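Chain by chain, the residues:
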Amino acid sequence: METDTITAISTPIGEGAIAIVRLSGPEAVSMTARIFKGKNLNQVDSHTIHYGKLIDPKTSEIAEEVMVSVMRAPKTFTREDVVEINCHGGMVAVNRVLELILSIGARLAEPGEFTKRAFLNGRIDLSQAEAVMDLIRAKTDRAMSVALKQMDGRLSGLIGKLRQELIETVAHVEVNIDYPEYDDVEEMSHEMMRTKTKEVHKKIDELLSVAKQGKILREGLATAIIGRPNVGKSSLMNTLVQENKAIVTDVPGTTRDIIEEYVNVRGVPLRLVDTAGIRETEDIVERIGVERSRQVLKESDLILFVLNNNDVLTDEDFKLFEAVSGLEYIVIINKTDLEQKLDMDRVKELVGDRPLVTTSLIEEEGVDELEQAIADTFFAGEIETGDLTYVSNARHIQLLQQASLALEDAMEGIDLGMPMDIVQIDVTRTWEFLGEIIGDTASDSLIDQLFSQFCLGK
Amino acid sequence: MTYNAGHYDVIVIGAGHAGVEAGFAAARMGAKTLMLTLNIDMIAFMPCNPSIGGPAKGIVVREIDALGGIMGKVIDKSYIQMRMLNTGKGPAVQALRAQADKPIYMREMKKLIENEKNLTVRQGMVDSLIVEDGVCKGVVTESKATYTAEAVIVTTGTFMRGKVLMGHLEYESGPNNQRVSVKLSENLEELGFELTRFKTGTPPRVNSHTVDYSKTEIQPGDDNPQSFSYETTEQITDQLPCWLTYTNEFTHQVINDNLGFSAMYSGAKRGTGARYCPSIEDKIVRFNDKPRHQIFLEPEGRDTEEVYVQGLSTSLPESVQEEMLKTVPGLENAVIMRAGYAIEYDAVVPTQLWPTLETKKIPGLYTAGQINGTSGYEEAAGQGIMAGINAAAKVLGKEPVILDRSQAYIGVLIDDLVTKGTNEPYRLLTSRAEYRLLLRHDNADLRLTDMGYELGLISEERYANFQQKKSFVELEKKRLKKLTIKPTEAVNAIMESAGATPLKEPVKAYDLLKRPELSYDHIEQMIEANTELSPEMREQVAIQVKYEGYIKKANEQVERMLKMEDKKIPDDIDYDAIHGLATEAVEKLKKVRPLSVGQASRISGVNPADISILLVYIQQGNIARIAN
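Here is what the cut-offs are and how they apply
Residues numbered from 1 in each chain as written. Chains lettered and ligands numbered in written order. Predicted model: local features only at pLDDT ≥ 70, side-chain atom pairs only at ≥ 80, totals over all residues. Heavy atoms only, no water. Helix = DSSP H or I, 4+ residues; strand = E, 2+ residues; numbered from the N terminus. Buried < 20%, exposed > 50% of the residue type's maximum accessible area, 1.4 Å probe, protein only. Contact = heavy atoms within 4.5 Å. Areas by Shrake-Rupley, 256 points an atom, 1.4 Å probe, with all protein chains shown as cover. Rg over C-alpha atoms; globule rule 2.2 N^0.38 Å. Lys, Arg positive; Asp, Glu negative; His and termini not counted. Charge placed at Lys NZ, Arg CZ, Asp CG, Glu CD. Axes fitted to C-alpha atoms, helices over the stretch in contact; angles between N-to-C directions. Parallel < 35°, antiparallel > 145°, perpendicular 65-115°, else oblique. Left-handed = near helix turned anticlockwise from the far one by under 90°. UniProt positions renumbered as here; feature names shortened; annotations may be inferred. Salt bridge = Lys/Arg side-chain N within 4 Å of Asp/Glu carboxyl O. Expected span 1.5 Å × (residues − 1). Domains from an automatic or database assignment. Phe/Tyr/Trp six-rings, centres within 6.5 Å; stacked < 30°, edge-to-face > 60°. Core = buried A, V, L, I, M, F, W, Y, C linked by side-chain atoms within 4.5 Å. Pairing = 2+ DSSP bridges.

1. Things to note about the overall build of chain A
Alright, step 1. Within chain A, the regular secondary structure consists of 16 helices and 13 strands.
Alright, step 2. For chain A, the residues scored as buried account for 54% of the 458 residues in total.
Alright, step 3. In chain A, the share of contacts with a sequence separation of at least 24, taken over all contacts with a separation of at least 6, comes to 68%.
Alright, step 4. When the accessible area of chain A is evaluated, it comes to approximately 19,900 Å², of which 49% is carbon and sulfur surface.

Here it is in structure tokens:
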């Protein structure tokens, strides 16, 4: 029997009105009880469901309205205590719940781990063994590739840099230990270590705070819809809003007609920006010029660029192509129900590698393809957001938090005047946690660092 | 003429630092043991630096001693200088290092070996192993003596196809111009073992009378030298100093001008050397911006004038070595007694071994020491004792003994070797240990004495002393937990003298000892003294209390590690038949054949998904067995 309690979102992200966050393990019930306002879950019967609210233990604020099912071992999927928290669907709500659970000590499940536990606890019979292995392999590989793809290049670069700083510090301490007579390097002092750990801690916390207010997680991708007047921008907007469950936000004054609209497209939260502008069918390029509009567009994470199938390409269209070049955009050729006047060859030439979708929004055709294109663009990691919001991966956040805590332990050790080799234990842990984010935990790299940084030997 | 020279339980080939520990341990455990060496005068010879111990390595010596081995006892009788290193750092990284009197070390070791009952020493060159039905059954020497045995341990160090290199001079030789072993190497290859070629080197030795020490800095030993062995009661107080000098731009110029003559830089393909044991030419090439390198002058003994020039390991020609020395302050007129050289030799790829150091290919055959790709006397000795214990255990029908990574540096060393292999001579470093805080110099006895006693390697008397120490430490910790210290004037005077903030509230003695500024001595002044405690016990109490939080954290990690170690992989597992394992993982797993899922997880190229699948597969096997 495993000893820790794991958790994961067990419904497809962003699909459906209700999502489920599941916990399994010895503390599944007690952990949930700690943040649940309603009946005392520790005392309820097995296989019962309860209405209540989740409370953020840090702020004591109500985080979510939920239904919680309590199922005690052994008659559960994993044969361990299992809790299922039913919350509002959509990425924001469900991630919020997951974060809460992680913050009180549950561990994010590995891919396929619930099934693995079910198997290891004898819940699944022999004939299913191979299927389980397939599942683990497939899920792990997919999770790995998605995790890697989802990671912003700059994030991994930044983490790589932090790790390099940490490992140089660790190597410095190690060389003091293993080669005490080597006089080329001064003894790492508490002051030096304090400066270094503070510096790195600050950077990790910056990443975390960015992640916390992460645009993707909280607000969605800033998405602009552009195109000449009357190409169907409003229809596109309305279609996206009607087709998808709009994300309920508690931003004061959020109504249909002001600046932003939140929608969830196949798990990808979009924040449709400047909707008022679109509705007035004003063309931003015309209004503010190519240079400035480029600035505005640059602040978007994704641009939906609409062309009219029923019209020839104009100067304005060329200007728009110019304005979006180098940015993340999807080209939508609308009004395919009308006669084609658009020079498709020329358009394809202009579009190049970018996704191209044809729609007839009036006939509700091509909407699936468009949504798929949006999801693909997101999950392929092509979209580079203005800041490091890709830390929104719950696993990354958890690892960053652990790294931050480990560094705090190191700083506490420094304050207590612990010897450097003791302080270094926590610094090394920090380095390892950060390594897990970018999938690099090879312990030999410390030895390599040691001998490349210092000239040592008999 | 082949003749039958007798039957033994265990045969040890070689009497270096691995061999003597292996032979001694096997004999002490009750196995009738034969030790074969090329030259009885060279038992426990130190072909390189005259020192034993240092960070990590010194702790290995303590571990060997806690298990009932002999390296610690012998160095305690033969040192010319003893130092505790890293005294300004935490308890986990403090370690003893001794400068050895080489001839006396050998003499004392020979005495121990010769006088051990159950242990026979004979001079002889082993040419081949006797292997019957795939099992090792003995050895044949060049003089055609056939010795049969239940187990054979090969500890041949750098002798197998050894080749000495000095400039363009090359010749087949063991270290220090001893005879080379060629046929055994060939025999191992014929038996299907994969060998690799490693290299190491040694600096010149100069005559002490020709050194001008006034131009160097003195490096004395400790005023109150400590011992390696828990059994040593008397310290050598008459110590000799070492001396420190430096290379300079002129030295570096000589080296740069002559790089082409270096055996290692002449372009020929050579065995792999270790990064942590570079020659002086390596240091100049790799760190050419360093203006100087340290050179320690270390006496090789009391009754010899030879001085080891630590820091100047080289394979440059003798003439260049002469020129080089002339540039170093203090060595301008130094006369070389023996020139430095590099040596290449055959090593067994260590992933061919079980964690018991028995070879996977041939049951009954063990290898230990430098032949397994390590460097260093201590690493050799640590493997030697484990090979001796396991060979004897096998012969005597006892359980094998495998130290895990949380029990001993020896466990880290062997696990690294057999799980990951090594592509350069392997040296122990404290950073190789995940649970360094648990693997301390001060607690080697607490970690391993029970095991040594159970194996019959620890005397009753010593064991009784050990148990007393253990119980006294526990009792004292309990006592400190109960005692309350009140904020009296006397107490706060002590607090202030120690630089600690005065007490305002009463506090338990145990909690007060946790304060970094306060030592056990301070606390003792505030409470009724416990006169039963020896200095070692006081030290032990203080360390256990002060670092309790960190130790607890480390123990939690160990618990998680051990859970995976407990998941044993059945011997007959067919990795090819496991659905879903990655191809690379299958190859690596088939090669290493890990005993547990924990060990499997440390193989590079085996990723977490493979481990999950392995876990599921093994569990499935268990279910299948239950069902049957």
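2. A word on the overall build of chain B
Alright, step 1. Along chain B, the regular secondary structure elements total 20 helices and 22 strands.
Alright, step 2. Since a compact globule built from 628 residues should have a radius of gyration of about 25 Å, the 26 Å found for chain B is in line with a globular shape.
Alright, step 3. Projecting the C-alpha coordinates of chain B onto the three principal axes gives extents of approximately 85 × 80 × 50 Å.
Alright, step 4. For chain B, with 628 residues in total, the buried portion stands at 62%.
Alright, step 5. A fraction of 73% describes how many contacts in chain B between residues 6 or more apart in sequence connect residues 24 or more apart.
Alright, step 6. Taken as a whole, chain B presents about 24,600 Å² of accessible surface, with 49% of it coming from carbon and sulfur.
Alright, step 7. For chain B, the centre of its 73 positive side-chain charges and the centre of its 84 negative side-chain charges are spaced 3 Å apart.

3. Re the packing of helix H2 (residues 57–66) of chain B against helix H9 (residues 377–395) of chain B
All names here are of chain B.
Alright, step 1. Two elements in contact, H2 and H9, have axes whose closest approach is 9 Å; the angle formed by their N-to-C orientations is 25°. Between H2 and H9, the crossing angle belongs to the class labelled roughly parallel. Every pair of crossing elements has a handedness; the one defined by H2 and H9 is left-handed. Seen from H2, the contacting residues are Lys57, Val60, Val61 and Ile64; seen from H9, they are Glu378, Glu379, Ala381, Gly382 and Ile385.

4. Remarks on the UniProt feature "binding site: FAD" (unreviewed entry) in chain B
Residue and element names in this part refer to chain B.
Alright, step 1. UniProt feature "binding site: FAD" (unreviewed entry): in the numbering of this structure it lies at Gly14, Ala15, Gly16, His17, Ala18, Gly19, Val126, Ser181 and Gln370.
Alright, step 2. With respect to the element layout, Val126 can be found in strand E7 (residues 126–132).
Alright, step 3. Val126 sits in the buried class, given a relative accessible area of 4%.
Alright, step 4. In this structure, Val126 is in contact with Ile13, Leu36, Val139, Val140, Thr141 and Leu184, ignoring residues within four places of it in sequence.

5. A short note on the pattern of salt bridges
Alright, step 1. Under the counting rule described, the total for this entry stands at 63 salt bridges over all chains.
Alright, step 2. Of the charged contacts in the structure, one is a salt bridge between A:Arg96 and A:Asp56, with a shortest N-O distance of 3.3 Å. One end of the pair, A:Arg96, is in helix H2 (residues 91–103); the other, A:Asp56, is in the loop between strand E4 (48–55) and strand E5 (62–71), with 40 residues separating them in the sequence.
Alright, step 3. Exposure remark for A:Asp56: the relative accessible area of 13% places this residue in the buried category.
Alright, step 4. A salt bridge links A:Glu191 to A:Arg194; the shortest N-O distance between them is 3.2 Å. Of this pair, A:Glu191 and A:Arg194 both sit in helix H6 (residues 190–212), 3 residues apart, which is roughly one turn of the helix.
Alright, step 5. Each of B:Arg405, B:Asp415, B:Asp416, B:Lys420, B:Glu434, B:Glu565 and B:Arg602 takes part in salt bridges that share partners, so that together they form one network.

6. Topic: the UniProt feature "binding site: Mg(2+)" (unreviewed entry) in chain A
Residues and elements named next belong to chain A.
Alright, step 1. Mapped onto the present numbering, the UniProt feature "binding site: Mg(2+)" (unreviewed entry) falls on Ser234 and Thr255.
Alright, step 2. Within the element layout of this structure, Ser234 appears in helix H8 (residues 233–243).
Alright, step 3. Under the relative-accessibility criterion, Ser234 is labelled partly exposed at 24%.

7. Focus on helix H16 (residues 535–546) of chain B
Residues and elements named next belong to chain B.
Alright, step 1. Between its terminal C-alpha atoms H16 stretches 16 Å, which fits the 16 Å expected from 12 residues at 1.5 Å a residue.
Alright, step 2. Taken as a whole, H16 has its buried residues at Met537, Arg538, Gln540, Val541, Ala542, Ile543, Gln544, Val545 and Lys546.
Alright, step 3. Lining the buried residues of H16 we find helix H11 (444–454), helix H12 (460–482), helix H14 (509–513), helix H15 (520–526) and helix H17 (548–565).

8. So, the side chain of B:Ser279
Alright, step 1. Positionally, B:Ser279 belongs in the loop between helix H6 (249–257) and helix H7 (280–286).
Alright, step 2. The residues contacting B:Ser279, other than those within four sequence positions of it, are B:Ser313 and B:Thr314.

9. A look at the environment of B:Asn465
Alright, step 1. Relative to the helices and strands, B:Asn465 is located in helix H12.
Alright, step 2. Placed 235 residues apart in sequence, B:Asn465 and B:Tyr230 show a C-alpha to C-alpha distance of 9.9 Å.

10. Some details on the domain arrangement of chain B
Alright, step 1. For chain B, the assigned domains read domain 1 (3–199 + 345–455), domain 2 (205–342), domain 3 (468–556) and domain 4 (567–620).
Alright, step 2. Computed from C-alpha coordinates alone, the two centres of domain 2 of chain B and domain 4 of chain B are separated by 47 Å.

11. Re the packing of aromatic side chains
Residue and element names in this part refer to chain B.
Alright, step 1. If you walk through the whole model with that rule in mind, you get 5 aromatic pairs over all chains.
Alright, step 2. Centre to centre, the rings of Tyr8 and Tyr147 are 6.3 Å apart; their planes meet at 55°, and the pair counts as tilted. Linking Tyr8 in strand E1 (residues 3–13) with Tyr147 in strand E9 (residues 145–154), this pair joins segments that are 139 residues apart in sequence.
Alright, step 3. The exposure class assigned to Tyr8 is buried, which follows from its relative accessible area of 9%.
Alright, step 4. A ring pair is formed by Tyr213 and Trp243, whose centres lie 4.7 Å apart and whose planes are at 35°; its orientation type is tilted.

12. Section: the packing of helix H15 (residues 420–437) of chain A against H17(B)
Alright, step 1. At their nearest, the axes of H15(A) and H17(B) sit 11 Å apart, and the two run at 40° to each other. As summarised for this structure, H15(A) and H17(B) are arranged oblique, according to the angle between their axes. For the element pair H15(A) and H17(B), the recorded crossing hand is left-handed. Of the residues in H17(B), those touching H15(A) at A:Ile422, A:Asp426 and A:Arg429 are B:Tyr550, B:Lys553 and B:Gln557.

13. Remarks on the nonpolar core
The tendency in soluble globular proteins is for nonpolar side chains to be buried side by side.
Alright, step 1. In terms of nonpolar packing, the biggest core is built from 77 residues, with B:Tyr105, B:Met109, B:Ile153, B:Met386, B:Ile389 and B:Ile410 touching the most fellow members.
Alright, step 2. Among the elements that take part in this core, H9(B) stands out by supplying 10 residues, more than any other.
Alright, step 3. By size, the runner-up hydrophobic cluster in this structure holds 43 residues, among which are A:Val173, A:Met193, A:Ile414 and B:Tyr547.

14. Concerning the sheet that holds strand E5 (residues 95–100) of chain B
All names here are of chain B.
Alright, step 1. On the basis of which strands lie adjacent, the open sheet formed by 3 strands has the order E3-E5-E4 and antiparallel pairing. Because the sheet does not close on itself, it has two edges, and the strands there are strand E3 (51–53) and strand E4 (79–85). Neighbour to neighbour, the strand axes of the sheet diverge by 20° on average, direction disregarded.
Alright, step 2. Here 6 bridges tie E4 to E5, and the two strands are oriented antiparallel to one another. Considered in E5, the bridge of Arg83 is made with Arg97.

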